[in-house]
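Secondary and tertiary structure notes
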Amino acid sequence: MGMTAGGEGRGMALHTKMLIGFFVGAVAGGIAHALGIAVGADGARDVAPWLAATLTWVTQPVGSIFLNLLFMLVLPLVFSALVLGVVEIGDPKALGRIGGKTLGFIFVVTGIAVAIGMVAVNVFQPGVGIDAAVAQSLIAQSQSQAEGIVARGEAASAMQVLLSIVPRNPLEAAVNGNLIGVMFFALLFGIAAATVHTDGVRTFVGTLQGVYDITLKLINKVIQLAPYAVAALLFNLIAVQGFTALLPLAKFVAVAVGALAFHMFVVFPTLLWFVGRMGPVTFFKRAQPAILTAFSTSSSSATLPTTLRVAEESLGTPRRVGRFVCTLGATANMNGTALFEGVVVLFLAQFFGVELSLGQQVLVLLMCILGGIGAAGVPGGSLPVIASILVMFGIPPEGIALILGVDRFIDMCRTTVNVTGDLVGTVIVSRGEPPDAVEGHGPDPAAAARA
């Protein structure tokens, strides 16, 4: 297929095509919204027949098929990548070292992210001074959706989240999308496979390597559709919501996105430069395919195939480290999600006039770190977690309805931070680890760092 190390074809680079698709979808969506959406005095939206037909029969199917293709590949990829990563690490001491570095990165950097978000809310006070009539209108528009989120949040207790880590039935966990349970099973499976040296185990590991290779081959084919899917997904969002949907909560959106941008373009480059020993410009240039896929899909899980390919082929990290860190990070390393959770909790506390002491805010920070780790890596997966935190601190959880109109856009931004954090973590954890023994699996990390 003529793919380069960066996953690009012989013609225009894939990430350039994705950028073009992004702008085409955004501009076309804005024009379609202006021409095809009429908002009545009661706030009801009237969609023109031509726009409804375009959404129903063209752009929504294109976006949905692309996402379904990626989700279809997530399960075999997660299981095979994690088992193979553990088997290739082999030595229990090395596994403990890499695992410890990964968990340390997750907790420290997620804590920094939540702290940034909470400081931003305390400084800029986005929940103060919102017009009551506008707020009531926004809440009324999303009341039924908010009630479903609150119900899921109340059901997802901390104990239930903890118990879901150890699945009673791994196949049931896979069917229900419980990736944390699947990962736990894969970790145990990999540890056992690394310690049993029989012909049968070696044959099984070889078969699993075949599954992984086939999955990556399919990913390389599917990802060629990304520019068209990006255009379709952006068109769907903007044609229906419009840019004006952000205006009533402009201050909240600015604070949330600003905090995410600070974490993305200040914290991550600092970590890359001083800890990972890789130039930030080099990193962001090579990570573009994963970053753009994350922004357009709003899903860390759907982006995982691209994240793994970028980590191994473009960033040149050892494949055993990339498989371990990126796969685990797709569910556990949610820097952007945890930051957003802290912002929303404090924002709604300000809006409803609920005073939170410094001690309570520290507790919110800890809950958001744990909530970010437990949040599903799918669009809107953090909202039930936010609802459960709101209930804990006596903040009306129905207030989530206030932000649902702008959540999709912010979800795109926080997913981008999540996926970028996985790749940053892979670079940092790879520092000091020996390169792959197998030839032909990406450039040398030291060379990439010097580039």
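Anyway, here's the lowdown on the structure attached to this text. Every value quoted in this text rests on a predicted model; they were computed, and no experiment measured them. (Residues numbered from 1 in each chain as written. Predicted model: local features only at pLDDT ≥ 70, side-chain atom pairs only at ≥ 80, totals over all residues. Heavy atoms only, no water.)

**With respect to the overall build of the protein chain**
The following threshold applies: Working definition: helices are DSSP H or I runs of at least four residues, strands are E runs of at least two. Numbering for both runs from the N terminus. Accessible area is worked out with a 1.4 Å probe on protein chains only. A residue is then buried under 20% of its type maximum, exposed over 50%, and partly exposed in between. By definition in these notes, contact holds between two residues if any of their heavy atoms fall within 4.5 Å. Note on areas: Shrake-Rupley, 1.4 Å probe, and residue coverage restricted to the protein chains presented here.
A count of helices and strands for the protein chain gives 20 helices and two strands. A burial count over the protein chain gives 53% of its 451 residues as buried. A separation of at least 24 residues holds for 84% of the contacts in the protein chain among residues at least 6 apart in sequence. Surface summary for the protein chain: the accessible area is close to 19,100 Å², and the carbon and sulfur share equals 69%.

**Considerations on a nonpolar patch on the surface**
Put simply, the test is: Like-charged residues are merged into a patch within 9 Å and nonpolar side chains (Val, Leu, Ile, Met, Phe, Trp, Tyr) within 5 Å, provided each residue has over 30% relative accessible area and no salt bridge. One speaks of a salt bridge when a side-chain nitrogen belonging to Lys or Arg is within 4 Å of a carboxyl oxygen belonging to Asp or Glu.
A surface patch of nonpolar side chains, about 580 Å² in accessible area, is lined by Trp 57, Val 58, Val 62, Leu 225 and Tyr 228. Here the nonpolar patch takes three residues from helix H2 (residues 49-89), the largest share from any one element. Assignment of secondary structure puts Val 58 in helix H2. Taking relative accessible area as the criterion, Val 58 reaches 44% and is therefore assigned partly exposed.

**Side note on helix H14 (residues 300-314)**
Put simply, the rule is: The seven residues ending at a residue and the seven starting there each receive a fitted axis; the angle between those axes is the bend at that residue. What qualifies as a polar contact is a pair of N or O atoms within 3.5 Å, subject to a donor-acceptor requirement within protein and to the restriction that residues adjacent in sequence count only when both atoms come from side chains.
Considering bend angle alone, the principal kink of H14 is centred on Thr 306 and spans about 35°. Most of H14 is tucked away: 14 of the 15 residues are buried. Between a side-chain oxygen at the N-terminus of H14 and the backbone nitrogen of Ser 301 the separation is 3.4 Å; the capping residue is Ser 299. Within two residues after H14, Gly 316 carries a phi angle of roughly 70°, on the positive side.

**Section: empty space enclosed by the protein**
Note the cut-off: Definitions used throughout: a 1 Å grid over protein atoms alone; a cavity as a set of points that fits a 1.4 Å probe which cannot get out; a pocket as an open set with protein on both sides within 12 Å along at least five of seven lines; a lining residue as one with an atom within 4 Å of a point. Grid points are joined across faces, edges and corners, and a volume is the space filled by probe spheres set on the points. Amino acids outside the nonpolar list (Ala, Val, Leu, Ile, Met, Phe, Trp, Tyr, Cys, Pro) and the charged list (Asp, Glu, Lys, Arg) are all regarded as polar, and Gly is one of them.
In total, this model carries two cavities of 30 Å³ or more according to the counting rule given. Of the pockets and cavities examined, the second largest cavity occupies roughly 40 Å³. As for the second largest cavity, its lining consists of Thr 102, Phe 105, Ile 106, Val 325, Gly 329, Asn 333, Gly 421, Asp 422, Gly 425 and Val 429. Residue assignment for the lining of the second largest cavity shows that the elements contributing at least two residues are helix H3 (92-124), helix H15 (319-332) and helix H19 (404-430). The residue inventory of the lining of the second largest cavity, partitioned by class, reads four nonpolar, five polar and one charged.

**Remarks on the environment of Thr 420**
Mapped onto the elements of the fold, Thr 420 is located in helix H19. Take Thr 420: its relative accessible area is 1%, and that puts it in the buried class. Through-space distance from the C-alpha of Thr 420 to that of Ala 287 is 7.7 Å; in sequence the pair is 133 residues apart. Engagement of the side chain of Thr 420 in a polar contact is seen with the backbone oxygen of Thr 416, the distance being 2.7 Å.

**So, helix H10 (residues 226-241)**
Residues that lie three or four places apart on an α-helix share one face, since the helix turns once every 3.6 residues. Just so we agree on the cut-off: Helix span, expected: 1.5 Å multiplied by one less than the number of residues in the helix.
The end-to-end C-alpha distance of H10, which contains 16 residues, comes to 22 Å, matching closely the 22 Å that a straight helix rising 1.5 Å per residue would cover. Within H10, 13 of the 16 residues are buried, leaving the element largely enclosed by the surrounding structure. Gly 242 sits one or two residues past H10 and shows a positive phi near 75°.

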